[in-house]
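Observations on the three-dimensional arrangement
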Amino acid sequence: MVKILVAEDDRLMLSAIEFRLKKEGYQVITCPDGKSAIANIPVHLPDIVITDLMLPYALGFEIISHIKLIREKNIRILVLSAMGQEKTVEEAFELGADDYMTKPFNFSELSIRIKKLTKQGA
Amino acid sequence: MDNALKKIITPEVLYALSYFFLGLFLFFLAITFINLFVQKWRYFTGLAVKEKINTLLQKALFTMQEDGTTLYPVYNKQELTLGTNAEKQIAIDELIRIRKNFSGESAENIINLYLALNLKEYSKRKFNSGFWHIKARGIYELYMMEQQDAAREIYKHTNNNNEFVRNEAQTATIHFLGFEGLRFLDTMSTPISNWQQIKLLEQLSALEPGSMGNLANWLNSGNDTVVVFALKLADIYQQFNVYNEVVACLNHKNEQVRWQAIVTLAKIADDTTAGILLSQFFKERFTNKLNIVNHLEPVATDNNLDFLLNVLNDDNHLLKLGAANIISKCCTDGMDIIRQKALLEPNPYEPIYRHIKSLHKA
């Protein structure tokens, strides 16, 4: 089963994403802030990490940098953020993000992108 | 002296003053307690409403059919009762906050919840308010919740005398109609602030570029800020068809318009642009002279070297630097020309040469 870790500080958003992904048959780990995401990634070694950029305690950029230090697994990273400025997107890709979605987003698109990332990782 | 004081400060006066200050103290104490109580009540009411809205939102976002498609959730009447206006406002704020994150079916369900809670009526009441801040808020809520039927009424306020109301109305109009909504520029008599221009351009950047049929008219508008905004549109969306109108703006009486026209012209340049900008140089004051020099890069060639060498000898160091930069980038052996100049006159051309060299390396 594909394991997805979601880092998002909005409680409702987090549970909405969790609900949808579980419905689609993924195993989901939720983290309400950057610090817990950084702590949980090496423990669970998810296949995909979906992260916001503006998170309490540690930003999404820090999460991406931490993931890139993990050698055991090729974890795919999808950034899901309201920040759509060219520079921010560029920075996220430079750090190692595999995909970038801006808010507002719809679940169908998120689902397609996750499937694509899953295939890339396989 | 003592006797005089004793006559004024009698025990009765002291008693009266004591009672007065005690009363004053008790009054402020009571006010403080009432204020704290109201704040506490508001906080807990807010929490309760947020909790209620979150439960409804969960229903809106989590209702799904087995095949994965979203289902329109059914709410019961009890759930949908909101009492005071303060509660309604909290509910709207929460719905808008979540709405900003979603598009597609989830967004539709949030909007349906807004309608089911009868909050549209509340937003409309605010839109019809005589107070500008309430009106502006009402417009914001209506467009954030995609209430297209309000677009026509909102459009009428795109030229409102109050800056905040018209800013919201303009944003709403573009939100509803896209590029088509820019038609409010046709009749605009009030100014568009720089900040609003940035906001509108940012909003447009997220949309598919559409028709700007009236751009030539906007460039001839009597409203200088409309002209500046139209010039920015011509620049960003590369509107070569209004080249002549942009050139005409170089003769505008407003320096800001001419400034923007120079910037735009450099972006939609053709073979004649360099000549036009160079002749404009001599009509302008310092700010626009520098602006011209700084925007010559896309159009300057070896043919303009004489002009650029003249500017290089200007008294002003910023003009010297601008000209040196253009010579180095646009003229054959430009860098050598600047280096020779620096050897002949180390002060001030040596630091200019070094600066240009560092720019080239970067």
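Structure: see above.
Here we summarise the structure given alongside this text. Every chain is numbered on its own, with residues counted from 1 as its sequence reads. Whichever chain is written first is A, and whichever ligand is written first is 1; the rest continue in order. Per-residue local features of the predicted model are confined to residues with pLDDT of at least 70, and side-chain atom pairs are confined, for both listing and counting, to 80 or more; whole-chain, interface and lining totals are unaffected and use all residues. For side-chain calculations, the full set of non-hydrogen atoms in the structure is used, while hydrogens and water are omitted.

**Observations concerning the sheet that holds strand S4 (residues 76-81) of chain A**
Residues and elements named next belong to chain A. Ordered in space as S2-S1-S3-S4-S5, the five strands form an open sheet in which the pairing is parallel. For this open sheet the edge positions go to strand S2 (27-31) and strand S5 (99-102), each flanked by a neighbour on one side alone. The average undirected angle you get between the axes of adjacent strands in this sheet is 20°. Any two strands with at least two DSSP-identified bridges between them are counted as paired. Only DSSP runs of H or I covering at least 4 residues are called helices, and only runs of E covering at least 2 are called strands; the numbering of each starts at the N terminus. With four bridges joining them, strand S1 (residues 3-7) and strand S3 (residues 48-51) adopt parallel strand pairing. Of the residues in S3, the one forming a bridge with isoleucine 4 is isoleucine 48. Of the strands in this sheet, S1, S2 and S3 touch helix H2 (residues 34-44), which is tilted by about 170° from S1. We call two residues in contact when some of their heavy atoms are within 4.5 Å. For helices, the axis comes from a line fit to the C-alpha atoms of the stretch in contact; other axes are also lines fit to C-alpha atoms, and the angle between any two N-to-C directions lies between 0 and 180 degrees. Taken strand by strand, helix H4 (residues 86-95) contacts S4 and S5, and its axis lies near 150° from that of S5.

**Observations concerning the layout of surface pockets**
The way it works is a 1 Å grid over only the protein atoms, where trapped points that fit a 1.4 Å probe form a cavity and open points with protein on both sides within 12 Å along at least five of seven lines form a pocket, and then any residue with an atom within 4 Å of a point lines it. Grid points are joined across faces, edges and corners, and a volume is the space filled by probe spheres set on the points. By volume, the largest pocket amounts to about 1,300 Å³. Lining the largest pocket we find 31 residues, and of these Lys103 and Pro104 of chain A together with His175, Gln203 and Ala206 of chain B sit closest to its centre. Among the secondary structure elements, those contributing two or more residues to the lining of the largest pocket are helix H4 (104-116), helix H6 (132-144), helix H8 (163-177) and helix H9 (194-205) of chain B. Sort the elements by how many residues they give to the lining of the largest pocket and H9 of chain B lands first, with seven residues.

**Some remarks on the pairing of S2 of chain A**
All names here are of chain A. Alignment of S1 against S2, held across five bridges, turns out to be parallel. From the neighbouring strand, isoleucine 4 faces S2, where its bridge partner is valine 28. The path from the first strand over the helix to the second decides the hand: if it runs clockwise while the strands point away from the viewer, the crossover is right-handed. The β-α-β motif built from S1, the intervening helix H1 (residues 11-23) and the parallel element S2 has right-handed crossover chirality.

**Thoughts on unusual backbone geometry**
For residues besides glycine, phi is generally negative; the peptide bonds are generally trans as well. With an omega of 5°, the peptide bond running from lysine 103 of chain A to proline 104 of chain A counts as cis. When you line up the elements, proline 104 of chain A lands in the loop between S5 and helix H5 (107-121). A positive phi is found at leucine 45 of chain A, a non-glycine position, where the angle reads about 40°. Secondary-structure assignment places leucine 45 of chain A in the loop between H2 and S3. A simple rule labels every residue: compare its accessible area, found with a 1.4 Å probe on the protein chains alone, to the largest value its type can have, and call it buried under 20%, exposed over 50%, or partly exposed in between. Given a relative accessible area of 22%, leucine 45 of chain A falls into the partly exposed group. A positive phi angle, near 55°, is found at aspartate 333 of chain B, a position not held by glycine. Position of aspartate 333 of chain B relative to the elements: it lies in the loop between helix H17 (317-330) and helix H18 (334-344).

**A look at a nonpolar patch on the surface**
Taken together, Val13, Leu17, Phe20, Phe21, Leu24, Phe27, Phe28 and Ile31 of chain B make up a surface patch of nonpolar side chains, about 760 Å² in accessible area. Looking at the secondary structure, you find phenylalanine 21 of chain B in helix H2 (residues 11-62). Surface patches are drawn from residues lacking salt bridges whose relative accessible area is over 30%; two like charges belong together within 9 Å, two nonpolar side chains (Val, Leu, Ile, Met, Phe, Trp, Tyr) within 5 Å. Every accessible area reported is derived by Shrake-Rupley at a probe size of 1.4 Å, with residue values counting cover from the shown protein chains alone. Criterion for a salt bridge: a side-chain nitrogen of Lys or Arg within 4 Å of a carboxyl oxygen of Asp or Glu.

**Thoughts on the packing of H6 of chain B against H8 of chain B**
Helices that pack against each other are described as a pair by the angle of their axes relative to one another and the distance between those axes. Residues and elements named next belong to chain B. Between H6 and H8, the shortest axis-to-axis distance is 8 Å and the interhelical angle comes to 10°. By the angle between their directions, the pair H6 and H8 is classed as roughly parallel. Contact with H6, carried on its side by Trp132, Lys135, Ala136, Ile139, Tyr140, Leu142 and Tyr143, involves Phe164, Val165, Glu168, Ala169, Thr171, Ala172, His175 and Phe176 of H8 and no other residues of that element. Under the scheme applied, nonpolar residues are Ala, Val, Leu, Ile, Met, Phe, Trp, Tyr, Cys and Pro; charged residues are Asp, Glu, Lys and Arg; polar residues are all the others, including Gly. Split by residue class, the contact of H6 with H8 holds 11 nonpolar, two polar and two charged. Roughly parallel here means an angle under 35 degrees, roughly antiparallel means over 145, roughly perpendicular means 65 to 115, and every remaining angle is called oblique.

**Some details on the pattern of salt bridges**
All names here are of chain A. Across all of its chains, the model carries 22 salt bridges over all chains by this definition. The salt bridge partner of glutamate 8 is lysine 103, with a shortest N-O separation of 2.9 Å. Taken together, the residues span a long stretch of sequence, with glutamate 8 in the loop between S1 and H1 and lysine 103 in the loop between S5 and H5 at a distance of 95 residues. Judged by relative accessible area, lysine 103 falls into the buried class, the value being 11%.

**Notes on the interface of chain A and chain B**
The partner chain B presents 19 residues to the 14 residues of chain A that form the contact. Summed over both partners, the accessible area lost on bringing two parts together, with a 1.4 Å probe, is the buried area. Here chain A and chain B share an interface that buries about 1,500 Å² over both sides, 56% of which is from carbon and sulfur atoms. Taken together, chain A and chain B are joined by one salt bridge. Measuring nitrogen to oxygen at the nearest pair gives 2.2 Å for the salt bridge that ties aspartate 10 of chain A to arginine 97 of chain B. Polar contacts here mean pairs of N or O atoms no more than 3.5 Å apart (in protein, one a potential hydrogen donor and the other a potential acceptor; neighbouring residues in sequence count only if both atoms are side-chain atoms). At the junction of chain A with chain B, the criterion picks out five residue pairs in polar contact (both at pLDDT 80 or more). The biggest single contributor to the side of chain A that touches chain B is H1 of chain A, with eight residues. Here the residues of the side of chain A that touches chain B are counted per class, giving seven nonpolar, two polar and five charged.

**Some details on helix H3 (residues 60-69) of chain A**
Residues and elements named next belong to chain A. Every buried residue belonging to H3 is among Gly60, Phe61, Ile63, Ile64 and Ile67, and all of these are buried. Down the axis, H3 shows its buried residues gathered within 160° of arc, on one side only. Looking at the packing, one finds that the buried side of H3 touches S1, H2, S3, S4 and H4. The directions from the helix axis to the C-beta atoms are what the arc is built from.

**Some points on the nonpolar core**
Definition of nonpolar core: a set of buried residues of the types Ala, Val, Leu, Ile, Met, Phe, Trp, Tyr and Cys, connected through side-chain atoms within 4.5 Å. With 62 residues, the main nonpolar core has Leu182, Leu185, Leu215, Trp218, Phe229, Leu233 and Leu296 of chain B as its most contacted residues. Top contributing element to this core by residue count: helix H11 (residues 224-236) of chain B, with eight residues. Here leucine 182 of chain B is in contact with Ile174, Leu204, Met212, Trp218, Phe229 and Leu233 of chain B, once residues within four sequence places are set aside. Leu14 of chain A together with Ile110, Leu119 and Met144 of chain B belong to the second-largest nonpolar core, a separate cluster that totals 59 residues.

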